[in-house]
Amino acid sequence: MAEEEQYDAIIVGAGFSGIQQLLNLRQLGLRCTVIEAGSDLGGTWYWNRYPGARFPGWQELQAYFAYVGDKLDVRPHCRFDTVVKQAHWDDQLHLWHVTAEGKEGIYKAAARYLTLCTGFASKPYIPDIKGRDTFKGPSCHTSRWPKEGIETTGKRVGIIGTGASGVQVIQEIGPQVGHLTVFQRTPNMALPMGQYSVSRRVQDHFKPVYEELFKKLSTTFSGLLDEFIPRPLSGDSEEQREANFERLWNLGGFHFWLCNYQDILFDRASNEVAYAFWRKKVSERIKDPEKRDLLAPALAPHPFGTKRPSLEQRFYEVFNQENVDLVDIKATPILEIHENGLKTADKEYELDVLIFATGFDSYVGGFNDIDLRGLNGETIQDHWKDGVTTYLGLTIDNFPNLFFTFGPHGPTAFCTGPICAQIQGAWIAETIVYLREHHITKFTPTTHAALRFKKHINELCNATLLSQVDSWYMGANIPGKKREAYNYTGGVVASTFVFAQSFVNDHATSQANLVPLLRALWRRSSPRETPG
């Protein structure tokens, strides 16, 4: 039987959040271990290696993680190729007992604090289509693209899904395949990525203001440098609106989504104006009228921005190729997959390669994959059977000394990951400092505080157009998953304010009054430095 190793803190996941958490807790003098399913650092960006994966690019991101690992001596604290299977709370010793499985067999460890940095999109979802496992050619989910790659040159390739990874794969392999068939359920309101190389001269020009720019990131809605236009769309003339739309479009990235007029995600009339502009821009690039109607329909299938827009570079031009077909699987659903392709309600498609770009069990999938048990042995599945409850999107009632980052009830899907990791990681570290200084060995948010925070989450979401749409933001992409608000839609800076205000008002912990801690944190809400 494996001997149980002892730590002050166990961190699950070695992506941005896990590394940030390790650095924070090491600075406090805590003995930590990081358990990671992948073979190296990166988290999501260890697994994301599909063609076209960029943000800025998967190779560059993996190189950055390698640099961080070497410079800050991260790897000796990590246990790779190891999957956490169990995490059980011991209410007598006030410890978490963790069991994992890896190449070296069963691994066991115990610690006072457990932080789950598993990411909000760590559990791939593939629909349960009849015959799914009978396909004989290469096939995978985009997030599990094999290291050796998949040969698509000259092949008949089918892609199910046009979410972020679907868009990126399509635009990357489109020019080289023999034939490409895209099976689309909902059109992606994709935006221009606007990606470009940054020369050393440009980097040197901006380095003197890096610190100032970095500090600003924690003061905006989404952790970007820019903010929403602070007035409703109706406050500008048509000419002013058009000029602002053009400016945001030309800036690229998420500017047209998260830096647009402040009522775009609240007022349907304003949203329709934004959609009309988006459709005009996209339609100019699509030659075939039938494909244009599917990719950019005259009637918006949902309000703009209420499903995650992907970033693209040449996605729409791919559909101008004669060897690229677009199939509307909402009108003609996929009935079954067979060894040589698949069958929809009206046609058979012969394929050499089949790719699933079908999304994730977001927010809670990483939790549900672990046999996670809190007070009285309650599982996380039972605790959340009627819906997710958290306190501040950082802790869970009935699960003592458990923290998590970039998960449910945080500004997760509307925030840049590293900024979210830094802000949330700093708060967790400061909370642990306070608990240790006051000799508190068990910290548990009250159920009352968690339910009150959930009410706040719902009130924020229900005020937006997001609540009206079946999306993965609302958990609607997974059969049987409760449809509810999973994001803190108030954004980064508002969530930071609420962290402090809620603790001050609720005194949420069952063992300690954390008001002094929160007042101090409220005064210093900027994230800690990270290597660059």
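One can find the structure itself at the top, above this paragraph.
S.K.: Just to check I follow, could you spell out the nonpolar core for this structure?
M.R.: Nonpolar side chains tend to gather and get buried jointly when the protein is soluble and globular. Of all hydrophobic cores here, the largest spans 134 residues; its most connected members are Leu114, Leu180, Phe256, Trp278 and Leu372. In terms of residues, this core owes the most to one element, helix H14 (residues 417-437), which gives nine residues. Grouped together as the second largest cluster of nonpolar side chains are 13 residues, Ile129, Phe183, Ile329 and Phe356 included.

S.K.: Any chance you could explain the sheet that holds strand E15 (residues 348-350) here in plain terms?
M.R.: Across a sheet, strands are paired by hydrogen bonds formed along the backbone, either parallel or antiparallel in direction. Reading across from one edge, E13-E14-E15 is the order of the three strands in this open sheet, with antiparallel pairing throughout. A strand with exactly one partner marks an edge of an open sheet, and here the two such strands are strand E13 (334-338) and E15. Within the sheet, the average angular offset between the axes of one strand and its neighbour, ignoring direction, is 20 degrees.

S.K.: Please clarify how the pattern of salt bridges should be interpreted in this entry.
M.R.: Side chains that carry opposite charge are capable of pairing whenever their charged atoms lie near each other. Overall, the coordinates contain 20 salt bridges when judged by the stated rule. For Asp91, the salt bridge identified is with Lys442, shortest N-O distance 3.1 Å. Here Asp91 is found in the loop between strand E4 (82-90) and strand E5 (95-102), whereas its partner Lys442 is found in the loop between H14 and helix H15 (447-462), with 351 residues between them in sequence. Overall, Asp91 belongs to the partly exposed group, its relative accessible area being 38%. Lys442 gets classed as buried once you look at its relative accessible area, which sits at 14%. The salt bridge involving Arg285 is made with Glu312; its shortest N-O contact spans 2.9 Å.

S.K.: Mind showing me how you'd approach helix H4 (residues 164-173) here?
M.R.: Because each turn of an α-helix spans 3.6 residues, side chains separated by three or four positions in sequence point in the same direction. Counting buried residues along H4, eight of its ten residues qualify, which places the element largely inside the surrounding structure. Where H4 is concerned, the buried positions are Ser165, Gly166, Val167, Gln168, Val169, Ile170, Gln171 and Ile173. Looking at the buried residues of H4, the elements they touch are strand E8 (156-160), strand E9 (179-184), strand E11 (311-312), helix H11 (315-318) and strand E16 (353-356).

S.K.: What should I look at first to understand the environment of Pro187 in this one?
M.R.: Structurally, the position occupied by Pro187 is in the loop between E9 and strand E10 (191-192). Residue Pro187 is classed as buried on the basis of its relative accessible area, which comes to 13%. In sequence terms Pro187 and Thr162 are 25 residues apart; their C-alpha atoms lie 7.0 Å from each other. Each residue touching Pro187, except ones within four places of it in the same chain, is listed here: Leu294, Leu295, Pro297, Pro301 and His302.

S.K.: I keep staring at the packing of helix H7 (residues 238-251) against helix H9 (residues 268-283) and nothing clicks. Help me out?
M.R.: Packed helix pairs are characterised by how far apart their axes lie and by the angle those axes make with each other. Relative orientation of the contacting elements H7 and H9 amounts to 55 degrees, with a least axis distance of 11 Å. Regarding the angle of H7 to H9, the classification is oblique. Crossing of H7 over H9 shows right-handed handedness. Here Arg241, Glu242, Phe245, Glu246 and Trp249 of H7 come into contact with H9, specifically with Val273, Ala274, Phe277, Trp278, Lys280, Lys281 and Val282. Across the contact of H7 with H9, the residue classes break down as seven nonpolar, no polar and five charged.

S.K.: In this structure, what is going on with the sheet that holds E9? I would like to understand it.
M.R.: Within the open sheet, the five strands sit side by side as E7-E16-E8-E9-E12. Their pairing is parallel. The open sheet has two free edges, formed respectively by strand E7 (139-141) and strand E12 (324-328), since each of these has just one partner strand. Along the sheet, successive strands turn relative to each other by an average axial angle of 15 degrees, direction set aside. Across five bridges, E9 lies against E12 in parallel orientation. Within the sheet, the bridge partner assigned to Val182 lies in E12 and is Leu326. Strand contacts of H4: E8, E9 and E16, with the helix running at about 160 degrees to E8, the strand carrying the most contacts.

S.K.: Please clarify how unusual backbone geometry should be interpreted in this entry.
M.R.: Trans peptide bonds make up the majority, and among non-glycine residues the majority have a negative phi. With a phi angle near 55 degrees, Asp81 is a residue other than glycine that sits in the positive phi range. Relative to the helices and strands, Asp81 is located in the loop between strand E3 (78-79) and E4. Its relative accessible area of 21% is what places Asp81 among the partly exposed residues. With a phi angle near 55 degrees, His439 is a residue other than glycine that sits in the positive phi range. Structurally, the position occupied by His439 is in the loop between H14 and H15. Taking the relative accessible area as the measure of exposure, His439 reaches 70% and is therefore exposed.

S.K.: Got a minute to help me understand the packing of aromatic side chains in this structure?
M.R.: Between two aromatic rings, the relevant description is the distance of the centres plus the angle of the planes. Counting across every chain of the model gives 32 aromatic pairs. Consider the rings of Tyr363 and Tyr486, whose centres lie 5.3 Å apart with planes at 5 degrees: the pair is stacked. One end of the pair, Tyr363, is in the loop between E16 and helix H12 (365-368); the other, Tyr486, is in the loop between H15 and helix H16 (491-506), with 123 residues separating them in the sequence. Across the pair, exposure class does not vary: Tyr363 and Tyr486 are buried alike. Members of the aromatic cluster, each reached through a chain of ring pairs, are Phe120, Phe221, Phe228, Phe254, Trp257, Tyr363, Phe406, Phe414, Trp472, Tyr473 and Tyr486. Over the ring of Tyr46 we find Arg49; its NZ or CZ atom is 5.0 Å from the centre of that ring. The lysine or arginine in question, Arg144, covers the ring of Trp47, its NZ or CZ lying 4.5 Å from the ring centre.

The rules we used
Residues numbered from 1 in each chain as written. Predicted model: local features only at pLDDT ≥ 70, side-chain atom pairs only at ≥ 80, totals over all residues. Heavy atoms only, no water. Core = buried A, V, L, I, M, F, W, Y, C linked by side-chain atoms within 4.5 Å. Buried < 20%, exposed > 50% of the residue type's maximum accessible area, 1.4 Å probe, protein only. Helix = DSSP H or I, 4+ residues; strand = E, 2+ residues; numbered from the N terminus. Pairing = 2+ DSSP bridges. Axes fitted to C-alpha atoms, helices over the stretch in contact; angles between N-to-C directions. Salt bridge = Lys/Arg side-chain N within 4 Å of Asp/Glu carboxyl O. Contact = heavy atoms within 4.5 Å. Parallel < 35°, antiparallel > 145°, perpendicular 65-115°, else oblique. Left-handed = near helix turned anticlockwise from the far one by under 90°. Nonpolar A, V, L, I, M, F, W, Y, C, P; charged D, E, K, R; others polar. Phe/Tyr/Trp six-rings, centres within 6.5 Å; stacked < 30°, edge-to-face > 60°. Lys NZ or Arg CZ within 6 Å of the ring centre and 35° of its normal.

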